[in-house]
Amino acid sequence: MEEKLKHLGEQARADLQVVGRASDLEAWRVKYLGRQGALAKFTAGLGTLAEAERRKNGQKVNELKARLVESFEEAKRSLVQERAVHRFDLTQPGKRSARGHLHPLTKMRSEIEHIFETMGFAVADGPEVVSEYDNFDSLNMPPDHPAREMWDTVWVRSAQTVLSDLLEASRLAKPNERSNQTVQSDPANRQAKPELRSTQTVGERLLLRAHTSAFQVRYMQAHTPPFRIIIPGRVFRYEATDATHETQFYQVEGLMVGRDVSAANFRGVMHEFFRRLFRKEVKLRLRPGYFPFTEPSFEMDMACLACGQKGCVVCKQSGWIELMGAGMVHQNVFAAAGYVRGEWQGFAFGMSLERPTMMRYGINDIRLFHSGDLRFLRQF
Amino acid sequence: MKFSYDWIREYAEGAPTPAKAAELLTTHAFEVKSVEQRGKDAVFDVDVLANRAADALSHVGIARELALLLAKSFTPPSVRVNESRSFPIADVPMPKIADDGLCPRYSLRAMRGVRVAPSPAWLTQRLETLGLRPINNVVDAANYVMLELGQPLHAFDAAKVRGPIQVRRAKSGERFMTLDNQTLELDPDALVIADSSGAIGLAGIKGGLSTGVDETTTGLLIEAANFQPANIRRSSVRFNLRTDAAVRFSRGVDPTLTTMALDRVAGLIRELAQGEVAWGSHDLYPNPREPQPIHFRLERINSLLGTSLTEAQVFGFLERLSFSVERVKAGVWRVAVPTYRPDLVAEEDLIEEVGRLNGFERIPVVAPATSIMPTESSEFRQWIGQVKQVMAGFGFTEAYNYAYVSAAELDLLGMRAEALELMNPVNTERPYLAPSLLARLMQNVADNFRFFPAVKLFEFAKTFRQGAGVWPLDERWCLAGVVAYRHAPARQRHDAVLEVKGLVEGVMEAFGVDDAWFDDAPASSTAYLAAGRWVEVKVGERVVGKIGEVAVEVAKHYGLADLVAFFELDPALLEELTEAEREFEPLPKYPALVRDISMFVPADTRIADIENVISTAGGELVEDMDLFDMYEPEGSEERRSVAFHIVYRAKDRTLSEKEIDTLHKKICKALETELSAEIR
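Residues numbered from 1 in each chain as written. Chains lettered and ligands numbered in written order. Predicted model: local features only at pLDDT ≥ 70, side-chain atom pairs only at ≥ 80, totals over all residues.

**Some points on the overall build of chain A**
Helix and strand counts for chain A stand at 12 helices and 10 strands. When the 380 residues of chain A are sorted by exposure, 40% land in the buried category. Excluding contacts between residues fewer than 6 apart, the proportion of contacts in chain A whose partners are at least 24 apart in sequence is 67%. (Helix = DSSP H or I, 4+ residues; strand = E, 2+ residues; numbered from the N terminus. Buried ≥ 20, exposed ≤ 12 C-beta atoms within 10 Å, placed from the backbone. Contact = placed C-beta atoms within 7 Å.)

So, in structure tokens, the structure goes:
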């Protein structure tokens, strides 16, 4: 008897688990708790037993009934709730925790690094405060070279003498050259350059790097070709800011050196890179340029995607967007790195990170990148 | 620089439409930024490359370049001057140049009986189109020839020049008044044209008032000279006089141009102002520049460019360039470059010439054939990428800020002494490099509070400090961030610091750093964090950062009355310490039992203290504890209510209820005794 009751209880509970709708629940109630239900039948069956047995079993039946009724009430309650749930309005906003956002320049930089990495380029980086030697002299721009004007420099005041280890290694520098520069008659101080202190020598004044090329020679000093690297990094200019000009921005430098790395290889790498960056074939143009640290020097343009080369504000009516400066590394730069002249050849390029980012997302003002404005940042 | 296309056309036969010419120059020489119609003429704005200034900052130069690109002939202007036998140049004393190489060439012509008057229309129009102001027929003629040939010229009123012309360094403090009535105080680095009275011209840059040509002038001394570019450039910058002459001399001018320019201008002045030209000229050219021939190899051209040019093709280009070429052997030449191309000194320079004449677009597109073995990659960079993702996942947004701070901000940070100053800051109010990311992040909070009540930002950038070693600065990466709630009630403000703590804990957990912990701040204080309200972040014994509340004075500076929570980490150090891989822990064999414990404790009891008592009293069998409730009951400031789940588990057996009861009681007793807790 006890066994049978226990079995009945388990069965009832199991059946209750699978009840899904109100009608099913009612059916269950009738089956087990109703006047003709299983429990009632069981109770009726007790009549054949002896008095003591009958009482004992009767008690157990009542206990089971009580428990089943409680379960039934609970199931009924939850069904009612579920009905309320099913009337939920799914046009309500979803529930989630707020996600943060990576800066669009971080995303673009990651993407660019990834593309170059899949082409076997390593990613290198150098310091942001460099010596004049790093930024100019080692790149074939001795003091007073007119090309230095191409980079408006921000100079850092330094209290001590800097020993430039590169000066010893290089064959270009003349460490004992002193300049008699003094600054006069320059009230706006716009072109202020630090006076050379008697203990400093040429090439050792400090500045915020004006281009990522400032790391080329240091890298080459520490590595033997062949190699291929990109150097993404922050650079600084003495420049007034406006919608297309910034005082602090990012560049991606590239350098590939080997026995026979040619301008044709430069085109090969760049065509593949831009095809992947813009996710389609893009029309590129190579034309003459000038940098003291490359010869031949190139400028690379891209056909304006905004107007299909018909001419527009974006491309200043020319149909072309400037992408980067580049060229074949100058032998004087190899010499500064301690390589034997004529033994190696390679290409170098420098492009802005902001330009492709602005093109990718349609951003119209470069100052937004350093604004810290959440209205801008959370769009990415 | 602006050029008149009509003018260029005079020297280049068969010149095409302006648009076509502009396209050709852009793709094969230098960029034509714009073409503007001016009546029948077109004005080109050309970005002449810095190394082509010597030959291409003149109409003749551009015309020669255009003719070269068109493979057509180039007709230089005719230069014929009628000299007067009755007026020998010997009448004019020989100029003297000082010896130190600052003036490689000095040429002088003389004229007399000229009539200075306004220039005719054809001349003034040409000058005005190109942005020059007409003055009189003599000065205008000099400017005209400069624009035509690229050689700057200067005319002196001969009557006002006293004694022989000298080219020398200025004396210290020597004064000179320019044609524009500006008085300059000179120094020995400045080169001057002088007579016996003193400086009459700032060499290569500007003429002097005292010898200027005006309506009364009848006699002329016309100077065409050549100066050392570096010296002229320095003086031009120092005295802030960027004249057309200075720009040209700064880049270098062909020294062979002087005599040709003198002949041209003398002829032109005679045409416009009459007068006689003296017979002969003075020409001091002590060390004529001899261009060095360049050893030029076909195999090198094709190797560097990646082309397959033939010997015949290359020879053809060299001929077009009118370079004197000598064939040494098959595929090897000796090339002598004319003096007007001082930019061509090495083999690579000639390769560029051949390359652009052929057309850079004709260079094939060839992927390099190279080893597939990748070069090393920086683990730190990858690690940072992952950390940023984790932070974004925790709801923090990445900001990029300028690296500059003000003196006031440095004082608030307590970092004035170690900051680096800029000599020429872009923003004069922020002339220092940031030694901490806090300043700009605080500004971000203040700015964003206009539109957002909650701000959670992080930044990964370099910070800069004075250094102690050979390299005088310490430049290091910093990972920092802020959490701030605007007008938040006190509880939410405290939560801001806990969110920062949660972020740091989350980052540590994401990278499997087991022994990260937070240590009470050392006795020494930090100016920018509120005293007693910040802690150090440590991994083992190494300090990797700080978290806490920003000091009130700092917040006030940014107009913030609200609490701002801040963290800063040393990512380079942290990356080093997270290198160890995390270790798997086998799943537990035996079940755990969870008991709750609720208590009242004195209000200033720290959670860490409660946890310590529980784990000490409970020992090994306390696997974990979880604070699930905490509040300050109404009307009571002296106590708080705290509740924990305690998870008991043994590694080697199933714990019995009785064991746990005993242990649990022991823990309760310990809490009562040591912390005056009231167990509920």
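Right, picking up where we left off after that structure.
**What about the domain arrangement of chain B?**
The domain boundaries assigned to chain B delineate domain 1 (2-70), domain 2 (83-284), domain 3 (294-362), domain 4 (379-577) and domain 5 (593-679). Just the C-alpha atoms count here: the centres of domain 2 of chain B and domain 4 of chain B sit 61 Å apart. (Domains from an automatic or database assignment.)

**Comments concerning the interface of chain B and chain A**
Across the boundary between the two partners, chain B contributes 83 residues, which contact 79 residues of chain A. Looking at the side of chain B that touches chain A residue by residue, the class counts come to 41 nonpolar, 21 polar and 21 charged. (Nonpolar A, V, L, I, M, F, W, Y, C, P; charged D, E, K, R; others polar.)

**Points about the packing of helix H6 (residues 137-149) of chain B against helix H9 (residues 257-273) of chain B**
Packed helices, taken two at a time, are described by their axes: the angle between them and the distance between them. All names here are of chain B. Following both chains from N to C, one finds H6 and H9 inclined at 140°, their axes separated by 9 Å at the closest point. Taken together, the axes of H6 and H9 are oblique relative to one another. Seen along the crossing, H6 lies across H9 with a hand that is right-handed. Along the contact surface, H6 presents Asn 137, Val 138, Ala 141, Ala 142, Tyr 144, Val 145 and Leu 149, while H9 presents Leu 257, Met 260, Ala 261, Arg 264, Val 265, Leu 268, Ile 269, Leu 272 and Ala 273. (Axes fitted to C-alpha atoms, helices over the stretch in contact; angles between N-to-C directions. Parallel < 35°, antiparallel > 145°, perpendicular 65-115°, else oblique. Left-handed = near helix turned anticlockwise from the far one by under 90°.)

**Describing the domain arrangement of chain A**
For chain A, the assigned domains read domain 1 (2-86) and domain 2 (104-126 + 210-377). Put simply, the middle of domain 1 of chain A and the middle of domain 2 of chain A, counted by C-alpha atoms, are 78 Å apart.

**Observations regarding the sheet that holds strand S9 (residues 320-329) of chain A**
The sheet built from seven strands is open, its strands ordered S1-S5-S6-S10-S9-S8-S7 (chain A) with mixed pairing. The open sheet is flanked by strand S1 (122-123) and strand S7 (284-288) of chain A, the only strands paired with a single partner. As paired strands, S7 of chain A and strand S8 (residues 294-303) of chain A are joined by five bridges and run antiparallel to one another. Looking at the pairing, Arg 285 of chain A lines up with Asp 301 of chain A of S8 of chain A. Those strands touched by helix H12 (residues 347-358) of chain B are S7, S8 and S9 of chain A, and its axis lies near 35° from that of S8 of chain A. (Pairing = 2+ DSSP bridges.)

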